[in-house]
Amino acid sequence: MKTPTVQKITQGLVGSEEAGRLMEMLALHPDFLTDHGDAVPRAAVAQALNMLLFRGLLREVPEGARYVREQGGRMVFDHGALRTVNAPGLGALPPGHAAFARVLEPLGYHVGGTYPLERLRMMGYAYTHRDYPDDIAQFFVSEIFPDRFSPEVQAAAQQVFQVKVDPLAAEAQGLLDRLAAGGTLSLDEATGLVGELVRLFDRHHPVPTLAQYETLLAESAELAWIATEGNRFNHATDRVPDVEALAEELKARGYEMKPKVEVSRNGTVRQTALRAAMVERPFIDARGATVSRVVPGSFYEFISRDLIDTEAGRRLDLRFDSGNAQGIFKMTAAASGC
């Protein structure tokens, strides 16, 4: 049996053992269990990228890794979430979700819905894959608007979120352009591109000062989170049949869970999560020395989606809900009681 293309890409970046583990860990559409040879389509690139981002999230969130290890079976990767800052003059990155639209759209994604997050002064964009909407994980890309906060926070944001060098290399952009035009990549090109794209999901601005962080945190836990975590995955989400029953089971097994399950207004989407990991991050103190502090990191989420009637028949409800999202986002507050 030939090795599937997505496995070849991942093993080229993390080794055969880790790639094999990912293939066993995640539920995959049958098309991703085939070998595309040297004509790798955009969907295979997107799937390999998602697999490595899921792996990265588990490395940051020990309780998520524990859940995956103890639960067994195959996880259905529903969506990954990341946060961006939408403000002019922040350097080399395009503002807000545009920094990732330029990557996701060539990989076959489109904006399937927008979700105002007014309480947080943010906007969410759900990127859904055109070719495999039910099977390739969505991206929920949110952007926060510093100009909706005090002048002190706006000034701190301008100082903190400066990115001097665009992390998307020109060669990677060229490969994305080829995919956007309907082309394919060789296996080596696809592997190299995925490796470059994984690196985008990180912090690219300088280490913040403690004073800047505290200024942001005073008005926005979300801005403060981006100050330390950047564009890392805020959370990855496992699609499960019954999120309420799973939440009760995990609480009984000693997992620290979000007390409340978030339910969409129409009742078809239900979400909860494990508590965010607490991580040690660097800061610059008043004397210019590097110091470490423990702050909220990323977390592992669960979602149940019902089937709904659409023009194409009964389909999985892939929509999000602004109320759910704002409730889930509280998981990264420093002392969340949500």
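What comes next is a walk through the structure. (Residues numbered from 1 in each chain as written. Predicted model: local features only at pLDDT ≥ 70, side-chain atom pairs only at ≥ 80, totals over all residues. Heavy atoms only, no water.)

1. Regarding the side chain of Arg239
For clarity, the cut-off: Helix and strand assignments come from DSSP, with helices taken as H or I runs of at least 4 residues and strands as E runs of at least 2, each series counted from the N terminus. A 3.5 Å cut-off defines polar contacts: any pair of N or O atoms within that distance qualifies, except that in protein one atom must be a possible hydrogen donor and the other a possible acceptor, and neighbouring residues in sequence count only when both atoms are side-chain atoms. Contacts are assigned to residue pairs with any non-hydrogen atoms lying within 4.5 Å of each other.
Structurally, the position occupied by Arg239 is in strand E5 (residues 235–239). A polar contact of 2.8 Å, which involves the side chain of Arg239, links it to the side chain of Asp78. From its side chain, Arg239 meets the backbone oxygen of Asp134 in a polar contact 3.2 Å long. Beyond its immediate stretch of four places on either side in the chain, Arg239 contacts Val76, Asp78, Asp134, Ile303, Arg305, Leu316 and Leu318.

2. Describing the environment of Thr191
Quick note on the threshold: The cut-offs for exposure are 20% and 50% of the maximum accessible area for each residue type, with area from a 1.4 Å probe on protein chains only; residues under the lower value are buried, those over the upper are exposed, and the others partly exposed.
With respect to the helices and strands, Thr191 occurs in helix H8 (residues 187–198). The class of Thr191 is buried, set by a relative accessible area of 12%. Here the alpha-carbon distance between Thr191 and Ser264, two residues 73 residues apart in the chain, equals 38 Å.

3. Things to note about the packing of aromatic side chains
Two aromatic rings are characterised by how far apart their centres lie and by the angle between their planes. Going by this rule: Stacked, tilted and edge-to-face are the three classes assigned to paired rings of Phe, Tyr and Trp, where Trp is represented by its six-membered ring and a pair needs centres within 6.5 Å; plane angles under 30 degrees give stacked, over 60 edge-to-face, the rest tilted. Distance and angle both matter: a charge sits over a ring if NZ of Lys or CZ of Arg is within 6 Å of the ring centre and within 35 degrees of the ring normal.
Scanning the entire structure with this criterion turns up 17 aromatic pairs. Summarising the aromatic geometry, the rings of Phe77 and Phe233 are spaced 6.4 Å apart at their centres and angled 65 degrees between planes, so their arrangement reads as edge-to-face. Residue Phe77 is located in strand E1 (residues 77–85), and its partner Phe233 is located in the loop between helix H10 (221–229) and E5; the two are separated by 156 residues in the primary sequence. Looking at Phe77, the relative accessible area reads 9%, which means it is buried. According to the relative accessible area criterion, Phe233 is buried, its value standing at 6%. Pairing Phe140 with Phe329 gives two aromatic rings, centres 6.4 Å apart and planes at 90 degrees, and the pair type is edge-to-face. Here the residue Phe140 occupies a position in strand E4 (residues 138–144), and Phe329 occupies one in helix H12 (residues 322–329), the gap between them amounting to 189 residues. The same class applies to Phe140 as to Phe329, namely buried. Following the ring pairs from residue to residue traces out a cluster consisting of Phe54, Tyr67, Phe77, Phe100, Tyr109, Phe139, Phe201, Phe233, Tyr300 and Phe302. The ring of Phe145 carries Arg148 above its face, with NZ or CZ at 4.1 Å from the centroid. Taking NZ or CZ as reference, Arg305 lies 4.8 Å from the ring centre of Phe320, over its face.

4. Some words on the packing of helix H3 (residues 42–60) against H8
Spelled out, the test is: Lines fitted to the C-alpha atoms define the axes, with helices restricted to the stretch that makes contact. Angles between their N-to-C directions range from 0 to 180 degrees. For classification purposes, angles smaller than 35 degrees are called roughly parallel, those larger than 145 roughly antiparallel, those between 65 and 115 roughly perpendicular, and all remaining angles oblique. Left-handed describes a crossing whose near helix is turned anticlockwise from the far helix through less than a right angle; right-handed describes the clockwise counterpart. In this count, Pro and Cys sit with the nonpolar residues alongside Ala, Val, Leu, Ile, Met, Phe, Trp and Tyr, while Asp, Glu, Lys and Arg are called charged and the others, Gly among them, polar.
In the contact formed by H3 and H8, the axes pass within 10 Å of each other and the chain directions differ by 45 degrees. Judged on the interaxial angle alone, H8 and H3 are oblique. Note that H3 runs across H8; the crossing there is right-handed. Listed contacts from H8 to Val45, Ala48, Leu49 and Leu52 of H3 are Ala190, Leu193, Val194, Leu197 and Val198. When grouped by side-chain class, the residues that make up the contact of H3 with H8 number nine nonpolar, no polar and no charged.

5. With respect to the nonpolar core
Quick note on the threshold: In these notes, a set of buried Ala, Val, Leu, Ile, Met, Phe, Trp, Tyr and Cys residues joined through side-chain atoms within 4.5 Å is what counts as a nonpolar core.
Among the nonpolar cores identified, the biggest contains 68 residues, and Phe54, Tyr67, Leu107, Phe139, Tyr300 and Phe302 are the most heavily contacted of them. With twelve residues, H3 is the single largest residue contributor to this core. Among residues more than four places away in sequence, those in contact with Tyr300 are Phe54, Leu57, Leu58, Val61, Gly64, Tyr67, Val68, Met75, Ala236, Asp238, Ala273 and Leu274. Grouped together as the second largest cluster of nonpolar side chains are 33 residues, Met122, Phe149, Ala156 and Ala224 included.

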